[in-house]
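Each chain is listed here by its residues.
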Amino acid sequence: MRFADQVGQVLTRPITKIVPFGVFVQLAPDVVGFLHLSELTDEPVETPGQLVDEGELIAVRVDEVDLQRHRVRLGAAGRAGRT
């Protein structure tokens, strides 16, 4: 199965990198997705590092797979998809 077929799926995977505006999550051996800080919390925080740690497992929903740009956008598993 191609990874593009995973849109809408909820996966629990490890956080691989924390950046000021969100976190990167290892979805498959060669696939990393991005979860924006706004999907982690509605509360004001300075950095996602205040909420999660690298290596921590997080449940995410695959919202979009952009094959041309090689990007995977994630949403919080407990939230409805945003448009």
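Structure shown above.
A few points on the structure. Quantities reported herein were computed from a predicted structural model and do not represent experimental measurements. (Residues numbered from 1 in each chain as written. Predicted model: local features only at pLDDT ≥ 70, side-chain atom pairs only at ≥ 80, totals over all residues. Heavy atoms only, no water.)

1. Let's talk about the pattern of salt bridges
Right, so step 1: Evaluated as defined, the whole model comprises 4 salt bridges.
Right, so step 2: With a closest N to O distance of 3.6 Å, Arg73 and Asp63 form a salt bridge. With a gap of 10 residues between them, Arg73 in strand S5 (residues 71–76) and Asp63 in strand S4 (residues 57–66) connect regions that are remote in the sequence.
Right, so step 3: Judged by its relative accessible area of 17%, Asp63 falls in the buried class.
Right, so step 4: Here Arg73 makes a salt bridge to Glu64, at a shortest N to O gap of 3.1 Å.
Right, so step 5: A relative accessible area of 34% places Glu64 in the partly exposed class.
Right, so step 6: Linked by salt bridges that have partners in common, Arg61, Asp63, Glu64 and Arg73 make up one network. (Salt bridge = Lys/Arg side-chain N within 4 Å of Asp/Glu carboxyl O. Helix = DSSP H or I, 4+ residues; strand = E, 2+ residues; numbered from the N terminus. Buried < 20%, exposed > 50% of the residue type's maximum accessible area, 1.4 Å probe, protein only.)

2. Some points on the sheet that holds S5
Strand pairing in a sheet relies on backbone hydrogen bonds, with the paired strands running either antiparallel or parallel.
Right, so step 1: Taking strand neighbours around the barrel as the criterion, the 5 strands line up as S1-S2-S3-S5-S4 in a closed arrangement whose pairing is mixed. On average, each strand axis in the sheet is tilted by 50 degrees relative to the strand beside it, whichever way the strands run.
Right, so step 2: Pairing of strand S1 (residues 10–19) with strand S2 (residues 22–28), which is carried by 4 bridges, proceeds in the antiparallel orientation. Its bridge partner lying in S2, Lys17 is registered against Phe24. (Pairing = 2+ DSSP bridges. Axes fitted to C-alpha atoms, helices over the stretch in contact; angles between N-to-C directions.)

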